[in-house]
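Here is what each chain is made of, one letter per residue.
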Amino acid sequence: MSTRARSLQAAATQAASFGKLRISAIQMASGPSVAANLSEAEVLIRLAAKQGAKLVTLPEYFAILGVKDTDKVAVREKPGHGPIQDFLARMAKKHRIWIVGGTVPLWTEDPAKVRNSTLVYNDRGETVARYDKIHLFGFEMGNEKYREETTIEAGNEVVVFDSPFGRIGLAICYDLRFPELFRRMQPVDLIIVPAAFTETTGRAHWETLVRARAIENLCYVVASAQGGFHRNGRETHGDSMIVDPWGIVLDRLPRGSGVVVADIDQDYKARLRQGLPALSHRVLV
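Residues numbered from 1 in each chain as written. Predicted model: local features only at pLDDT ≥ 70, side-chain atom pairs only at ≥ 80, totals over all residues. Heavy atoms only, no water.

Undergrad: What exactly am I supposed to notice about the sheet that holds strand β10 (residues 190-195) here?
TA: Whenever strands of a sheet pair, they do so through backbone hydrogen bonds, lying parallel or antiparallel. Spatial ordering of the open sheet is given by β8-β9-β10-β11-β14-β15, a layout of six strands whose pairing is mixed. In this open sheet, the two strands that pair with only one neighbour each are β8 (160-163) and β15 (249-253). Across the sheet, the axes of successive neighbouring strands diverge by a mean angle of 20°, strand direction being ignored. (Pairing = 2+ DSSP bridges. Helix = DSSP H or I, 4+ residues; strand = E, 2+ residues; numbered from the N terminus. Axes fitted to C-alpha atoms, helices over the stretch in contact; angles between N-to-C directions.)

So, in structure tokens, the structure goes:
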């Protein structure tokens, strides 16, 4: 058996041995200064850890939400190197927690673009998973206009990994609108979705989409969002939440910076799946 296979087997065994584990979603209103954003993130990570969270998720663009879309290109990092990645590894190791680094702008061959990437660190500060955002946001209504494709290179791989918290699937923000992505993840115990939903689309659809993904996949969903006004004039919806497999919102934060915390219970999830075995009733795949 390979080292990776042994590691995954050990993680799965560890997950099965836990009844409940505490997880957290952090909400921010990030700005154009990487240093300032990391400083705020450090305070919120510490707060989540003090509340007993063993898995902490940061929102999309937690390290930079610039005045211009191109600002994130200027601070992009090569995988494994850079102040944002060093910060995430240091926080995970210091607090002995797993950290999901919302999104980090990573290097691509195209000098004008980044990969908008979620990076996962274990409690030893080691990178254990990376997901590059597949679906790129495009929106135009009134004075609002967004085209992520101008500065982001899309990913093309569905990412699922094993952990002490069960089998985890990764998605980012706009991905929530594409349920086929989450079906490709099956089976998963937990879906993590860092986001920066606009106030316009978030007010209309955010909670519905997050709860729908939990219900149809009979799993927990952690949705960590940007929530507030930003230096570039953008307003994000916030409402970070943790939702259980029955679609119940366990904790939420409507606006502003802060921490959302809840316990995930794998036994409870197993009972729900036994009583409603919808995942095994799928006909169209």
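The structure having been displayed, the exposition proceeds.
Undergrad: Please clarify how the packing of helix α2 (residues 34-50) against helix α4 (residues 83-95) should be interpreted in this entry.
TA: The description of two helices packed together rests on the angle between their axes and the distance between the axes. For the pair α2 and α4, interaxial distance at closest approach is 11 Å and the crossing angle is 15°. The angle between α2 and α4 places the two elements in the roughly parallel class. Crossing handedness for the pair α2 and α4: right-handed. Between α2, through V34, L38, A41, E42, I45, R46 and A49, and α4, the contact on the second element is made entirely by P83, I84, F87, M91, K94 and H95. Of the residues belonging to the contact of α2 with α4, the class tally is nine nonpolar, one polar and three charged. (Parallel < 35°, antiparallel > 145°, perpendicular 65-115°, else oblique. Left-handed = near helix turned anticlockwise from the far one by under 90°. Contact = heavy atoms within 4.5 Å. Nonpolar A, V, L, I, M, F, W, Y, C, P; charged D, E, K, R; others polar.)

Undergrad: It is not clear to me how helix α6 (residues 199-217) should be interpreted in this structure. Could you clarify?
TA: Along an α-helix, residues three or four positions apart point the same way, because every turn accommodates 3.6 residues. Taking 1.5 Å of rise per residue, 19 residues should cover 27 Å, and α6 covers 26 Å from first to last C-alpha, within 8% of that figure. Of all the bends in α6, the largest measures some 55° and sits at H205. What α6 keeps buried is the set E199, T201, G202, W206, L209, V210, R213, A214 and N217. Following α6 by one or two positions, L218 has its phi on the positive side, about 45°. (Expected span 1.5 Å × (residues − 1). Bend = angle between axes of the 7 residues up to and from the residue. Buried < 20%, exposed > 50% of the residue type's maximum accessible area, 1.4 Å probe, protein only.)

Undergrad: What exactly am I supposed to notice about unusual backbone geometry here?
TA: It is generally the case that most residues other than glycine have a negative phi and that most peptide bonds are trans. Put simply, Q186 and P187 share a cis peptide bond, and its omega is -5°. Inspection of the secondary structure assignment puts P187 in the loop between α5 (179-183) and β10. The phi dihedral of Y61 falls on the positive side, at around 60°, and the residue is not glycine. The exposure class assigned to Y61 is buried, which follows from its relative accessible area of 9%. Although it is not a glycine, R96 sits at a positive phi angle of roughly 55°.

Undergrad: Looking at this structure, I do not really get the pattern of salt bridges. What am I missing?
TA: Oppositely charged side chains are able to pair whenever their charged atoms sit close together. The final tally for this structure, using the stated rule, is 20 salt bridges. With its nearest N and O atoms 3.2 Å apart, the salt bridge here joins E207 to R211. Within this pair, E207 and its partner R211 are both found in helix α6, separated by four residues, close to a single helical turn. The exposure class assigned to R211 is partly exposed, which follows from its relative accessible area of 32%. Each of R115, R130, D132 and E153 takes part in one network of salt bridges that share partners. (Salt bridge = Lys/Arg side-chain N within 4 Å of Asp/Glu carboxyl O.)

Undergrad: Sorry if this is basic, but what is going on with the pairing of β15 here?
TA: Along any regular strand the residues' side chains alternate between the sheet's two faces. When strand β14 (residues 240-243) meets β15, the two strands line up antiparallel, connected through four bridges. Its bridge partner being in β15, V243 is matched across the sheet by V249.

Shape is all these values report; function is a separate question.
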